[in-house]
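# Residue-level structure breakdown
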Amino acid sequence: MQRAFGVDVPETVAEMCRPAASAVLVYDAQVGILAHVRDRGALTGRIADVLRAARAAGVPVLYVRHVSLPPSHMGVAALRTAMAWQRRDRADAVTAAFPPDAEHTQITPDLAPADGEPVFDKLGMSALVGTPLEAVLRDRGVTTLVLVGAVLEIGIEPTARHAADLGFLPVVVEDACGVVDEDAARRSLAGLDYSLLSHRCTAAEVVAAFGG
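Residues numbered from 1 in each chain as written. Predicted model: local features only at pLDDT ≥ 70, side-chain atom pairs only at ≥ 80, totals over all residues. Heavy atoms only, no water.

### Some words on the side chain of Ser188
Tracing the sequence through the fold places Ser188 in helix H7 (residues 182-195). Dropping the residues within four chain positions of it, Ser188 is found in contact with Leu152, Glu153 and Glu157. (Helix = DSSP H or I, 4+ residues; strand = E, 2+ residues; numbered from the N terminus. Contact = heavy atoms within 4.5 Å.)

### Considerations on the nonpolar core
The biggest cluster of nonpolar side chains holds 34 residues, and the ones touching the most others in it are Val24, Val26, Leu51, Val148, Val173 and Phe210. For this core, the element with the most residues is helix H3 (residues 40-57), which contributes seven residues. Residues contacting Phe210, with those up to four places away along its chain left out, are Cys17, Pro19, Ser22, Val24, Val50, Ala53, Ala54, Ala57, Val59 and Val146. Grouped together as the second largest cluster of nonpolar side chains are 24 residues, Leu25, Leu145, Leu147 and Ile156 included. (Core = buried A, V, L, I, M, F, W, Y, C linked by side-chain atoms within 4.5 Å. Buried < 20%, exposed > 50% of the residue type's maximum accessible area, 1.4 Å probe, protein only.)

### Looking at the sheet that holds strand E3 (residues 22-27)
Spatial strand order, E5-E4-E3-E6-E7-E8: six strands in an open sheet with parallel pairing. The open sheet has two free edges, formed respectively by strand E5 (119-122) and strand E8 (199-201), since each of these has just one partner strand. Shown here is a sheet whose adjacent strand axes are inclined to one another by a mean of 25 degrees, direction ignored. Sitting on the sheet, helix H5 (residues 133-140) is in contact with E3, strand E4 (61-66), E5 and strand E6 (144-150), with an inclination near 175 degrees to E4. (Pairing = 2+ DSSP bridges. Axes fitted to C-alpha atoms, helices over the stretch in contact; angles between N-to-C directions.)

### Things to note about the pairing of E6
Burial runs high along E6: seven of the seven residues are buried. Residues Thr144, Val146, Val148 and Ala150 point to one face of E6 and Leu145, Leu147 and Gly149 to the other, with burial holding for every one of them. In this structure, E3 lies alongside E6, joined through six bridges in parallel fashion. Bridged to Tyr27 within E6 is Gly149. As paired strands, E6 and strand E7 (residues 169-178) are joined by six bridges and run parallel to one another. Looking at the pairing, Val146 lines up with Val171 of E7. A crossover connection joins E6 to the parallel E7 through helix H6 (residues 152-165); in handedness this β-α-β unit is right-handed. (Right-handed = clockwise from strand over helix to strand, strands pointing away.)

Following this line, the structure appears as structure tokens:
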């Protein structure tokens, strides 16, 4: 750990993931999303390992989940996005993919929040848009945001980029982030690496940094 201009500057992921400086964000670990990722059982096992270590070390765990507005209340961008994802040619043919109360919208039971851990709903990809996440992290004095969940190449990458732009140290736990398209996921990791603004490690490394 370096010390410069009155602040501690971590040099390694282990130093970034000090319990006092970290929070874990569980991204879209929803029934209907995890159903599409590769090697789901092993993935959820590694996420669970990170959550156990975080909770034991007193590291805050927060969740976000993707929800959909009813089509009658979607705007231009939301309708176009729904058309693209649902492969629809007409805006009046889209449906709400993730209604808040639907079973497939819920956090999967094997990764359920514990002891009042908050779940923030979001409409877009970055977990830091339209949610209280940034305010919670600032208020806790968090500098490192540890990212697990799904899907790496869809929502975790833009969240990592956004977190870096806001002055956090995003750490992508690559083997605890679900993947749908392996080529797209490799491109996402390569892009994050190229920017030099985010960091990545394994679930085992995070567990060790948390003292597990």
